[in-house]
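This is what each chain is made of:
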Amino acid sequence: MEEDLVARLVADAGVSAIVDEAVSWFERNRDDALPAVVLQKVSPGREYSHDGPDGLDGPRVQFDCLGRTMDEAAALKRAVLACMEQGATVGDTVFHIAFLEGENWISQGEQDGGEALFQLSLDFIFYHEET
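In this report, the structure presented in the accompanying data block is examined. Throughout, residues of each chain are indexed from 1 in the direction in which the sequence is written. Local features in this predicted model are restricted to residues whose pLDDT is 70 or higher, and side-chain atom pairs enter the listing and the counts only when it is 80 or higher, whereas totals over whole chains, interfaces and linings include all residues. With hydrogens and water excluded, all non-hydrogen atoms of the structure serve as input to the side-chain values.

### A few points about the pairing of strand S5 (residues 60-67)
Partly exposed residues are those whose accessible area sits between 20% and 50% of the maximum for their type, while under 20% is buried and over 50% is exposed, using a 1.4 Å probe and protein chains only. Helix numbering and strand numbering both begin at the N terminus, where a helix is a DSSP run of H or I of at least 4 residues and a strand a DSSP run of E of at least 2. The buried fraction of S5 is high, at 6 of 8 residues. When DSSP finds two or more bridges between a pair of strands, those strands are recorded as paired. Both strand S2 (residues 36-43) and S5 contribute to a ladder of 7 bridges, which runs antiparallel. Bridge pairing links Ala-36 to Leu-66 in S5. In this structure, S5 lies alongside strand S8 (residues 116-130), joined through 8 bridges in antiparallel fashion. The partner of Gly-67 across the bridge, within S8, is Phe-118.

Shown next as structure tokens:
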């Protein structure tokens, strides 16, 4: 799912128009391109029946939309929201419609060189199945 989620965001016209290919899991180096999306799994969302895993997982994933300005981060948020609120099949993963569960602005202050960094974090829960 992790690789397919990155591929999904990079292939989305609205997201890629803003970030090009700057989508990664867990961290972004200070000298990496901006704007960018950084992903982090908050909970696995593994679903079970009495027979074991049912094959339909619903993790909570944090999408950090990073930009040089508030407007840039907000535009990226809108593009990510439009992408994730529709179903898609990418690679070996069937993504169902995502549900926005949380949204939070985080001040990152000035980075090296005095450039500001704005972060808008979105928490999505989305069900997916591996094919």
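### Side note on the nonpolar core
Side-chain atoms within 4.5 Å link the members of a nonpolar core, which is a set of buried Ala, Val, Leu, Ile, Met, Phe, Trp, Tyr and Cys residues. Among the nonpolar cores identified, the biggest contains 32 residues, and Leu-5, Leu-9, Leu-39, Phe-63, Val-80, Met-84 and Phe-126 are the most heavily contacted of them. Contributions of two or more residues to this core are made by helix H1 (2-11), helix H2 (13-19), strand S1 (23-25), S2, S5, helix H3 (70-84), strand S7 (93-110) and S8. Residues within four places of Met-84 in sequence aside, it is in contact with Leu-5, Arg-8, Leu-9, Phe-63, Ile-97, Ala-98, Phe-124 and Phe-126. Only heavy atoms matter for contacts: two residues are in contact if any of them lie within 4.5 Å across the pair.

### Topic: the packing of aromatic side chains
Stacked, edge-to-face and tilted are the three classes for Phe, Tyr and Trp ring pairs, Trp counted by its six-membered ring, which pair at centre distances within 6.5 Å; planes under 30 degrees apart are stacked, over 60 edge-to-face, the rest tilted. Counting across every chain of the model gives 3 aromatic pairs. Relative to Phe-124, the ring of Phe-63 lies with its centre 5.0 Å away and its plane at 80°, an arrangement referred to as edge-to-face. Here Phe-63 is found in strand S5, whereas its partner Phe-124 is found in strand S8, with 61 residues between them in sequence. The exposure classification of Phe-63 matches that of Phe-124, with both residues buried. For the pair Phe-95 and Phe-126, a centre-to-centre distance of 5.8 Å together with 50° between the ring planes defines the contact as tilted. Taken together, the positions of Phe-95 in strand S7 and Phe-126 in strand S8 put the pair 31 residues apart, joining distant regions of the chain. Considered together, Phe-95 and Phe-126 belong to a single accessibility category, that of buried residues.

### Side note on the side chain of Asp-4
If you trace the backbone, Asp-4 turns up in helix H1. Here Asp-4 occupies a buried position and makes no salt bridge, while the nearest side chain of opposite charge, Arg-8, is found at 10 Å. Residues in contact with Asp-4, not counting those within four places in the same chain, are Val-90, Gly-91, Asp-92, Thr-93 and Phe-95. When charges are counted, Lys and Arg contribute as positive and Asp and Glu as negative, whereas His and the chain ends are disregarded. We count a salt bridge whenever a side-chain nitrogen from Lys or Arg sits within 4 Å of a carboxyl oxygen from Asp or Glu.

### A closer look at the pattern of salt bridges
Enumeration according to the criterion identifies 4 salt bridges in this entry. Among the ionic pairs, Lys-41 bridges to Glu-2, the shortest N-O distance being 2.9 Å. In this pair, Lys-41 sits in strand S2 while Glu-2 sits in helix H1, placing the two residues 39 residues apart along the sequence. Here Lys-77 makes a salt bridge to Glu-103, at a shortest N to O gap of 3.4 Å. With Lys-77 in helix H3 and Glu-103 in strand S7, this residue pair connects regions lying 26 residues apart in the sequence. Of the residues examined, Lys-77 reaches a relative accessible area of 17% and is grouped as buried.

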